[in-house]
Amino acid sequence: GTQVYGDNAPNINPKVRVYSNATQSVNGSTWTLVQCNTEDYDIGSDFNAGTYLFTVPTTGYYALSGQVMINSLPDGANLLGSFQKNAGTILTEAKTIPGAAGNISVNFSDIVYLTANDTVGLYVYHTNGAALDTIAGQRYAYLAIHLLSI
């Protein structure tokens, strides 16, 4: 039968791809929500560019993909990225350990089961003592979420 999702795009599979269009300062040793504020697409209108969160419109299996790049990560510092549900539950976490200083990215993906009204965001963490900036743009700091099945 036809599934009615109850959001702004009934009878379709919700999907979104967003990115950060401005650099963002990230303090060390704390998970920080990446400010993805520009939409490539948002089929279903389930992403809030003001809160930087995707609200799950219907319970099901979702494919998640993301990347964050940090400007001038020092040698010896680690970079981590994660998808977090409801601002605290880590769904997936990835870590990059660079061999030299530079602009370093962490990218990751997963397929997860989410419940209607959960929220999902892209988070970044680094182990440098001082704050570092993200690199903005479609290729450098993005989040994509697609409903696969219910």
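Scroll up a little and you will see the structure.
This structure is a prediction, so every number in the text was calculated from the model and none was measured.

Focus on the overall build of the protein
Summing up its helical and strand segments, the protein has 0 helices and 13 strands in all. When the elements of the protein are put in sequence order from the N terminus, they spell out β-β-β-β-β-β-β-β-β-β-β-β-β. On C-alpha atoms alone, the protein measures out to a radius of gyration of 16 Å, which is about the 15 Å that the 2.2 N^0.38 rule sets for 150 residues. Overall size of the protein, expressed as C-alpha extent along the three principal axes, is 55 × 25 × 20 Å. Taking all 150 residues of the protein together, the buried fraction comes to 49%. Summarising the internal contacts of the protein: among those between residues at least 6 apart in sequence, 73% fall at separations of at least 24. In the structure as shown, the protein presents an accessible area of about 6,700 Å², 44% of it carried by carbon and sulfur atoms. Separation between the mean location of the 5 positive side-chain charges and that of the 10 negative ones in the protein comes to 5 Å.

Details of the packing of aromatic side chains
The full count for this structure, using the stated rule, is 4 aromatic pairs. Relative to Tyr62, the ring of Phe54 has its centre 6.1 Å away and its plane inclined at 65°; by these criteria the two rings are edge-to-face. Owing to a relative accessible area of 0%, Phe54 belongs among the buried residues under this scheme. For Tyr62, a relative accessible area of 0% puts it in the buried group. Stacked on the ring of Tyr142, the Lys or Arg Arg17 has its end atom at 4.4 Å from the ring centre.

Re the pattern of salt bridges
Applying the stated rule across the entire model yields 1 salt bridge. A salt bridge links Asp40 to Arg17; its shortest N-O distance comes to 2.5 Å. With Asp40 in strand E4 (residues 38-43) and Arg17 in strand E1 (residues 15-19), the pair connects residues that are 23 residues apart, well separated along the chain. Under the relative-accessibility criterion, Asp40 is labelled partly exposed at 32%. Owing to a relative accessible area of 17%, Arg17 belongs among the buried residues under this scheme.

Let's talk about unusual backbone geometry
Phi at Tyr52 is positive, roughly 65°, even though this residue is not glycine. Position of Tyr52 relative to the elements: it lies in the loop between strand E5 (47-48) and strand E6 (53-55). Unlike most non-glycine residues, Ser72 shows phi in positive territory, near 55°. Position of Ser72 relative to the elements: it lies in strand E7 (residues 60-73). Look at Ser72 and you get partly exposed, because its relative accessible area is 43%.

Description of the environment of Leu80
Assignment of secondary structure puts Leu80 in strand E8 (residues 79-85). Judged by relative accessible area, Leu80 falls into the buried class, the value being 9%. The spatial distance from the C-alpha of Leu80 to the C-alpha of Ala100 is 16 Å, given a sequence separation of 20 residues. Setting aside residues up to four positions removed in sequence, Leu80 forms contacts with Trp31, Glu93, Ala94, Lys95, Val106, Tyr123, Val124 and Tyr125.

Quick notes on the environment of Gly121
Inspection of the secondary structure assignment puts Gly121 in strand E11 (residues 119-126). For Gly121 and Pro14, which are 107 residues apart along the polypeptide, the C-alpha to C-alpha distance reads 16 Å. Excluding residues within four positions of it along the chain, Gly121 makes contact with Leu33, Tyr52, Leu53, Ser82, Phe83 and Gln84.

Rules and cut-offs
- Residues numbered from 1 in each chain as written.
- Predicted model: local features only at pLDDT ≥ 70, side-chain atom pairs only at ≥ 80, totals over all residues.
- Heavy atoms only, no water.
- Helix = DSSP H or I, 4+ residues; strand = E, 2+ residues; numbered from the N terminus.
- Rg over C-alpha atoms; globule rule 2.2 N^0.38 Å.
- Buried < 20%, exposed > 50% of the residue type's maximum accessible area, 1.4 Å probe, protein only.
- Contact = heavy atoms within 4.5 Å.
- Areas by Shrake-Rupley, 256 points an atom, 1.4 Å probe, with all protein chains shown as cover.
- Lys, Arg positive; Asp, Glu negative; His and termini not counted.
- Charge placed at Lys NZ, Arg CZ, Asp CG, Glu CD.
- Phe/Tyr/Trp six-rings, centres within 6.5 Å; stacked < 30°, edge-to-face > 60°.
- Lys NZ or Arg CZ within 6 Å of the ring centre and 35° of its normal.
- Salt bridge = Lys/Arg side-chain N within 4 Å of Asp/Glu carboxyl O.

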